Amino acid sequence: MSVTALTVTTLAALMGSTAATATADPAFPGAADRCETLTAGADLHDCDLYEANLTGVNLTGANLTHTNLTRANLTDTNLERASLERADLTGAKLTGADLTGADLTRANLTRADLTRANLSTVNSHRLDETDCTEPTMSMYCSRMRGWTGTNLSEANLTEANLAGAILAGASLHDAALRSANLTEANLAGANLTRASLTGADLTHANLGRTEFARADLNYTKLTDANLAGATLHDAALHSADLHDAVLHDANLTDSDLTRADLTHANLTRAEFARADLKNANLTDAFAPGTGFADANLTGAKIDGWTINFFTVFR
């Protein structure tokens, strides 16, 4: 039996698990049958899949809006282009899940495990392999052209495990990522405007060209992170750990970097105009061509840092 067209009950039997039986509002005729069907494009909105075992199931393009997936096992599940808007994924296991192009607007992913999950944008090369002149493919091609990065806007990812996750180009504006594990995650080109990342771990993360405007990065660990070309204007980085980070060509205008650790950081051509670097550690930082116009460097440690004629201080 194909795993692409199972019911919750048959899947549990096949896997020898105790997957929960899905339920839905009885006011809707056929709701129970609808919530039992696990297939690509399935309509599972408002279903109760609490602790359901959905390992490896193909739910491509499924409608899981407002679905209860608390503590569900979604390991290696295909959720590409699925709608998970306002879904409850508290404590869910999404290890290795494919969430490419999925919509997780306002989803609750508190303590969810997204280790190695793929939440990136859809690869445009798929259109190159498709004959869009075929009438049967015209709608598919239209949707493909309209896809953007995974939508996690306003999602709650507090303490979520996103180690190694692929979130390139994803929308995470206003998302809660407090104390989240994002070590070695790929967030290149993602939008984290106004996101809350207090205490998050982004060690070795790829944050090139990422948008962090007005984001809360206080006490965040960004050791050896790639922030080349990132936008961090008006961001809060109080006591952030940025040692060995790459920040060349980044925009940190008006940012708060009080007591931040920028030891050995590459700040080439970065912009710190009006930034607050009071008591920051810039020991051995590399800052040729960097802009510090009107920045507050009171009490900052600058032992061994590298500047040149093009470094600006006023």
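The structure this text deals with has already been given above.
Since the structure is predicted, the reported quantities are computational estimates derived from the model, not experimental observations. (Residues numbered from 1 in each chain as written. Predicted model: local features only at pLDDT ≥ 70, side-chain atom pairs only at ≥ 80, totals over all residues. Heavy atoms only, no water.)

Trainee: Explain the packing of aromatic side chains to me, and be specific about the residues and the numbers.
Mentor: According to the stated counting rule, one finds five aromatic pairs in the structure shown. Ring centres of phenylalanine 272 and phenylalanine 292 lie 5.3 Å apart, and the angle between their planes is 15°; on these two criteria the pair is classed as stacked. Of the two residues, phenylalanine 272 is situated in the segment after α4 (138-146) and phenylalanine 292 in the segment after α4; the sequence distance between them amounts to 20 residues. Both residues of the pair, phenylalanine 272 and phenylalanine 292, belong to the buried class. Relative to tryptophan 305, the ring of phenylalanine 292 lies with its centre 5.7 Å away and its plane at 45°, an arrangement referred to as tilted. Of this pair, phenylalanine 292 sits in the segment after α4 while tryptophan 305 sits in the segment after α4, placing them 13 residues apart in sequence. On the basis of relative accessible area, phenylalanine 292 is assigned to the buried category, the value being 1%. Note on tryptophan 305: relative accessible area 16%, which makes it buried. (Phe/Tyr/Trp six-rings, centres within 6.5 Å; stacked < 30°, edge-to-face > 60°. Helix = DSSP H or I, 4+ residues; strand = E, 2+ residues; numbered from the N terminus. Buried < 20%, exposed > 50% of the residue type's maximum accessible area, 1.4 Å probe, protein only.)

Trainee: I'd like a rundown of the nonpolar core, residues and numbers included.
Mentor: Ranked by size, the top nonpolar core spans 88 residues in total, and within it Leu94, Leu109 and Leu114 carry the most contacts. Leaving out residues up to four positions away in the same chain, leucine 109 has contacts with Leu89, Leu94, Leu104, Leu114, Leu152, Ala155, Asn156, Leu157, Thr158 and Ala160. (Core = buried A, V, L, I, M, F, W, Y, C linked by side-chain atoms within 4.5 Å. Contact = heavy atoms within 4.5 Å.)

Trainee: Got a sec to walk through the environment of leucine 157? Specific residues and values, please.
Mentor: If you trace the backbone, leucine 157 turns up in the segment after α4. On the basis of relative accessibility, which here comes to 2%, the residue leucine 157 falls in the buried class. The spacing of leucine 157 and asparagine 181 is 24 residues in sequence and 9.7 Å in space, taken between C-alpha atoms. Setting aside its immediate chain neighbours within four residues, leucine 157 contacts Leu109, Leu114, Leu152, Leu162, Leu172, Ala176, Leu177 and Ala180.

Trainee: Can you explain the pattern of salt bridges? Please cite residues and give values.
Mentor: On inspection of all chains with the given rule, the structure shows eight salt bridges. Glutamate 80 is the partner of arginine 81 in a salt bridge, and the nearest nitrogen-oxygen pair spans 3.5 Å. Take arginine 81: its relative accessible area is 21%, and that puts it in the partly exposed class. A salt bridge links arginine 274 to aspartate 254; its shortest N-O distance comes to 2.8 Å. (Salt bridge = Lys/Arg side-chain N within 4 Å of Asp/Glu carboxyl O.)

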